[in-house]
Amino acid sequence: MKLVIAVVQDKDSNRLSNALIKEGFRATKLASTGGFLRAGNTTFLIGTEDERISEVFQVIKANCKIREQMVTPVSPMGGTTDSYIPFPVEVQVGGAAVFVLPVERFEHF
């Protein structure tokens, strides 16, 4: 048995949740916040059998898309702000960060 932890952008959360249910996967959704852009994310905890890991990955890949977004960096924490001129930068957001962990024991009450 494996525990799949998938961190996805909030925009993809409902679509992924519906797709997981449709394919017969049970998941727990947790609200989370990204460190880089400080944007809202959703973290899914998905328990599944070893042989279904590739199916989980296919569902995640089909429902979580990478997007381009313009962001303005936050000002520096120290020093003077007179010399700091924020310019928008295009970055990739979305997609999914997925971790797979072995599960030694699982109980359902």
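Just so it is clear, the structure is predicted and the values come from calculations on it, not from any experiment. (Residues numbered from 1 in each chain as written. Predicted model: local features only at pLDDT ≥ 70, side-chain atom pairs only at ≥ 80, totals over all residues. Heavy atoms only, no water.)

Q: Tell me about the pairing of strand E1 (residues 2-9), and please be specific about residues and values.
A: As paired strands, E1 and strand E3 (residues 40-48) are joined by 8 bridges and run antiparallel to one another. Bridged to Ile-5 within E3 is Leu-45. Across 7 bridges, E1 lies against strand E6 (residues 96-102) in antiparallel orientation. Among the inter-strand pairings, Ala-6 is bridged to a residue of E6, identified as Val-98. (Pairing = 2+ DSSP bridges. Helix = DSSP H or I, 4+ residues; strand = E, 2+ residues; numbered from the N terminus.)

Q: Describe the sheet that holds E3, with residues and values.
A: Spatially, 4 strands are ordered E2-E3-E1-E6 in an open sheet, and the strand pairing comes out antiparallel. Of all strands in the sheet, those with a lone pairing partner are strand E2 (27-33) and E6, marking the two edges. Across this sheet, the average inter-strand angle for adjacent strands is 20 degrees, counted without regard to direction. The strands touched by helix H1 (residues 10-22) within the sheet are E1, E2 and E3, with E3 carrying the most contacts at an inclination of about 20 degrees. (Axes fitted to C-alpha atoms, helices over the stretch in contact; angles between N-to-C directions. Contact = heavy atoms within 4.5 Å.)

Q: I'd like a rundown of the pattern of salt bridges, residues and numbers included.
A: Per the counting criterion, the structure on display carries 3 salt bridges. In this structure, the salt-bridge partner of Asp-12 is Arg-15, at a minimum N-O distance of 2.5 Å. Taken together, the residues span about one helical turn, with Asp-12 and Arg-15 both in helix H1 at a distance of 3 residues. Among the residues examined, Asp-12 registers a relative accessible area of 0% and is labelled buried. (Salt bridge = Lys/Arg side-chain N within 4 Å of Asp/Glu carboxyl O. Buried < 20%, exposed > 50% of the residue type's maximum accessible area, 1.4 Å probe, protein only.)

Q: Help me get a handle on the packing of H1 against helix H2 (residues 53-63), residues and values and all.
A: One can describe the packing of H1 onto H2 by two numbers: an axis separation of 9 Å at closest approach and a directional angle of 145 degrees. Along this stretch, H1 crosses H2, giving a crossing that reads as right-handed. Between H1, through Asp-12, Arg-15, Leu-16, Ala-19 and Leu-20, and H2, the contact on the second element is made entirely by Val-59, Ile-60 and Asn-63. (Left-handed = near helix turned anticlockwise from the far one by under 90°.)

Q: Which residues make up the layout of surface pockets, and what values go with them?
A: Empty space within the largest pocket amounts to approximately 350 Å³. Considering the residues around the largest pocket, the lining is formed by 16 residues, among which Met-1, Arg-26, Gly-47, Thr-48 and Phe-106 are closest to the centre. Mapped onto the lining of the largest pocket, the elements with two or more residues apiece are E1, E2 and E3. At 3 residues, E3 tops the list of elements feeding residues into the lining of the largest pocket. Residue classes in the lining of the largest pocket are distributed as 7 nonpolar, 5 polar and 4 charged. (1 Å grid on protein atoms, 1.4 Å probe; cavity = no way out; pocket = protein on both sides within 12 Å on 5 of 7 lines; lining within 4 Å. Points joined across faces, edges and corners; volume = space filled by probe spheres on them. Nonpolar A, V, L, I, M, F, W, Y, C, P; charged D, E, K, R; others polar.)

Q: Can you break down the pairing of E3 residue by residue, with the values?
A: Judged from the 7 bridges that link them, E2 and E3 form a sheet pairing that is antiparallel. Paired with Thr-33 across the bridge in E3 is Gly-40.

Structural measurements only, silent on function.
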